[in-house]
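Residues per chain, in single letters:
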Amino acid sequence: HGVPVTVLHAGSVKEDCNSYWAQGGVIYRNYRLKEKDGSEKLVDTPLSLVNDIRIASGYRGALQRNTPLEECHYDASLLLNDPTSSKMGQICSTAGVNWNEDAAWKLALEGPTRVRQLLLGPQDDGAGHTSTGCVVPFDRTTLPTAGPDDDNDGMGKESPEDNTVLSLCLEASHAAPRIIHHADCTGRAITESITRAAAAHPLIEFRGDSIATDLISDEDSDGMVIGAKVLDKNTNKIEAAYAVHGVVLASGGLGGIYEHSTNPGGFNALGSSVALALRLEERLNSSLPGESGITSDLEYVQFHPTSLCLPNEARFLLTEALRGEGAILRDASGRAFASDYHPSAELAPRDIVARAVFTESQKAAADGSDGHNAFLDMTHRDASWLRDRFPTIHSHLSSRDSPMDFTKEKIPVIPAAHYTCGGVTSDLSGRVHGSGGQVHRNLYVAGEAARTGLHGGNRLASTSLLEGLVFGSSVGELVAGVVSDD
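Keep in mind that what you see is a predicted model, and the values were worked out from it rather than measured.

## Quick notes on the overall build of the protein
Looking only at helices and strands, one finds nine helices and 23 strands in the protein. When each of the 486 residues of the protein is scored for burial, the buried share is 53%. For the protein, the share of sequence-separated contacts (at least 6 apart) that also reach a separation of at least 24 residues comes to 68%. Accessible area of the protein: about 21100 Å², with a carbon and sulfur share of 51%.

## Focus: the sheet that holds strand β15 (residues 301-308)
Pairing is antiparallel in the open sheet, where five strands are placed in the order β16-β15-β19-β18-β17. The open sheet terminates on both sides in strands that have one partner only, identified here as β16 (316-317) and β17 (328-330). Bridge count for β15 against β16 is two bridges, and the pairing is antiparallel. Pairing of Ser 307 across the sheet is with Leu 317, part of β16.

## A closer look at the packing of helix α2 (residues 101-118) against helix α9 (residues 464-480)
Packed helix pairs are characterised by how far apart their axes lie and by the angle those axes make with each other. Between α2 and α9, the shortest axis-to-axis distance is 8 Å and the interhelical angle comes to 85°. It follows from the interaxial angle that α2 and α9 lie roughly perpendicular. Residues Ala 103, Lys 106, Leu 107, Glu 110, Gly 111, Arg 114, Val 115 and Leu 118 of α2 form the contact with α9, whose participating residues are Leu 466, Glu 467, Leu 469, Val 470, Phe 471, Ser 473, Ser 474 and Glu 477.

## Here's the deal with the packing of helix α1 (residues 46-57) against α2
Packing of α1 against α2 brings their axes to within 9 Å, and their N-to-C directions diverge by 135°. By the angle class used here, α1 and α2 are oblique. Every pair of crossing elements has a handedness; the one defined by α1 and α2 is right-handed. Of α2, the residues touching α1 (which contributes Pro 46, Leu 47, Leu 49, Val 50 and Ile 53) are Glu 101, Ala 104, Trp 105, Leu 107, Ala 108 and Leu 109. When grouped by side-chain class, the residues that make up the contact of α1 with α2 number ten nonpolar, no polar and one charged.

## Side note on the side chain of Lys 106
With respect to the element layout, Lys 106 can be found in helix α2. With a relative accessible area of 3%, Lys 106 lands in the buried category. Other than its neighbours up to four places away in sequence, Lys 106 contacts Tyr 74, Gly 111, Leu 428, Val 470, Phe 471 and Ser 474.

## A short note on the confidence of the model for the protein
Fine structural detail should not be taken from predicted coordinates in areas where pLDDT scores are low. Summing up the model confidence of the protein, the mean pLDDT is 89 and the portion of residues at 70 or higher is 90%. When the criterion is pLDDT under 50, residues 146-155 qualifies, and its contacts beyond four places in sequence or with other chains add up to 28 contacts.

## Focus: the packing of aromatic side chains
According to the stated counting rule, one finds six aromatic pairs in the structure shown. Relative to Tyr 31, the ring of Tyr 28 lies with its centre 5.9 Å away and its plane at 70°, an arrangement referred to as edge-to-face. For the pair shown, Tyr 28 and Tyr 31 are each scored as buried. Relative to Trp 99, the ring of Tyr 59 lies with its centre 5.4 Å away and its plane at 40°, an arrangement referred to as tilted. In this pair, Tyr 59 is assigned in the loop between α1 and β3 (90-91) and Trp 99 in strand β4 (residues 98-99), connecting sequence segments 40 residues apart. The positively charged end of Arg 65 is found above the aromatic ring belonging to Trp 105, 5.2 Å away from the centroid. Seen from the ring of Tyr 419, Arg 459 lies directly overhead, with NZ or CZ sitting 4.2 Å from the centre.

## Considering the sheet that holds strand β10 (residues 210-218)
In a beta sheet, neighbouring strands are held together by backbone hydrogen bonds and run either parallel or antiparallel to one another. One open sheet accounts for three strands, arranged β10-β11-β12; its pairing is antiparallel. Of all the strands in the sheet, the pair left with one neighbour each is β10 and β12 (237-242). Going across the sheet, the axis of each strand differs from the next one's by a mean of 30°, ignoring polarity. Contacts from helix α4 (residues 272-284) reach β10 and β11 (224-232) within the one sheet, and its direction differs from that of β10 by about 30°.

## Side note on unusual backbone geometry
One non-glycine residue with positive phi stands out, namely Asp 125, at about 65°. Take Asp 125: it is sitting in the loop between α2 and β5 (140-142). At Asp 209, a residue that is not glycine, the phi angle is positive and equals roughly 55°. In this structure, Asp 209 sits in the loop between β9 (204-207) and β10. Owing to a relative accessible area of 14%, Asp 209 belongs among the buried residues under this scheme.

Thresholds, definitions, all that
- Residues numbered from 1 in each chain as written.
- Predicted model: local features only at pLDDT ≥ 70, side-chain atom pairs only at ≥ 80, totals over all residues.
- Heavy atoms only, no water.
- Helix = DSSP H or I, 4+ residues; strand = E, 2+ residues; numbered from the N terminus.
- Buried < 20%, exposed > 50% of the residue type's maximum accessible area, 1.4 Å probe, protein only.
- Contact = heavy atoms within 4.5 Å.
- Areas by Shrake-Rupley, 256 points an atom, 1.4 Å probe, with all protein chains shown as cover.
- Pairing = 2+ DSSP bridges.
- Axes fitted to C-alpha atoms, helices over the stretch in contact; angles between N-to-C directions.
- Parallel < 35°, antiparallel > 145°, perpendicular 65-115°, else oblique.
- Left-handed = near helix turned anticlockwise from the far one by under 90°.
- Nonpolar A, V, L, I, M, F, W, Y, C, P; charged D, E, K, R; others polar.
- pLDDT = per-residue confidence, 0-100.
- Phe/Tyr/Trp six-rings, centres within 6.5 Å; stacked < 30°, edge-to-face > 60°.
- Lys NZ or Arg CZ within 6 Å of the ring centre and 35° of its normal.

Here's what the structure looks like:
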């Protein structure tokens, strides 16, 4: 679109971001799984995904829209709620959870197209075929038969080249297998591919070791954001970086401030975008101390149910995909306990599973010892398959001073802060809203830093990477003038 872009990153490595460490996968769509009634109806529809997001969010009210919609651009004519409302959706009267169904519909309707546009190659009807195109090496599987009537669960569209399909797995609270993945390091594969393509683009510049300390606004034009003050870690000097087309906040969430967190160290997940937004609003609204609508629902921090729990060691994420592939939660005596808390057992929404794991961990072991009492068990699965499917986890456990083998032993787990569901208040196009719904001109936000209302107090597994793709793309198209700013 001819818009020059400067990417500021606090670390020295371009790929150093939270997305890099995502293990599980990214939501796509299962185009093969049909209803069992003999019809051609797909199990995996945009409506089914929206409902899964609603359930996982903790929103107990009914959907506002129950009529099916097919993949499309989610424009203003489809909106269910007032886009200028500070609530960004509806508040459930029973659960008190704030959730925006419009954001869920946008993700469900635009998601598959964005995945094909930005992550897939021509083998899967994707656009990543140019020299700088991004083609992520997602796992594939071979169909036993390749006929049009093949009803093979968990598989996407067939490739005409080699009769293979994208491998789609099931994760907790999903109605169908719809997660594409690259082993257990999907975030790394996506980040490396996208960064490589971006770095090769002549209009994109990366500036490392650069920390944004404040946003710069034009005091004479309603506080329009025109750039940022940036600390150069190499020179220890702060300089102004001006932005003609706007500033996008995309530094991730704030889960890293917790003692027990799955987020990596460094500058990731420290709430940088939230801090920059709050400092801007405080400066612009100095006459109204304490009144700030530029952030919303910051208490909505999701805890992942299963992080590695070992004394004097940082928490390490044990992906949701483990439970999707059959991992069982057990206490120290070997009793499976997840079904005590929800009929879906290990595949219940994350907040329910996290509470179950925490509750069991607080109980004394059956033998009366003070040992840990919550474990993840995959020992019933084939050892070779486990090591191939989850190489990152296998490498982490086996490289410890006291190696562990998750193919032979139960792994101690505990919940840990994982994802920020609240954040900088944003509409569905990524524009930042402040007090009273005021739009901060030239300021945008995307990904975990944003609060669009897509998530409630909890979120559906594997929505995070897709959220970045869908809403980040909307910001890009808005700034480039591809869509109208209305």
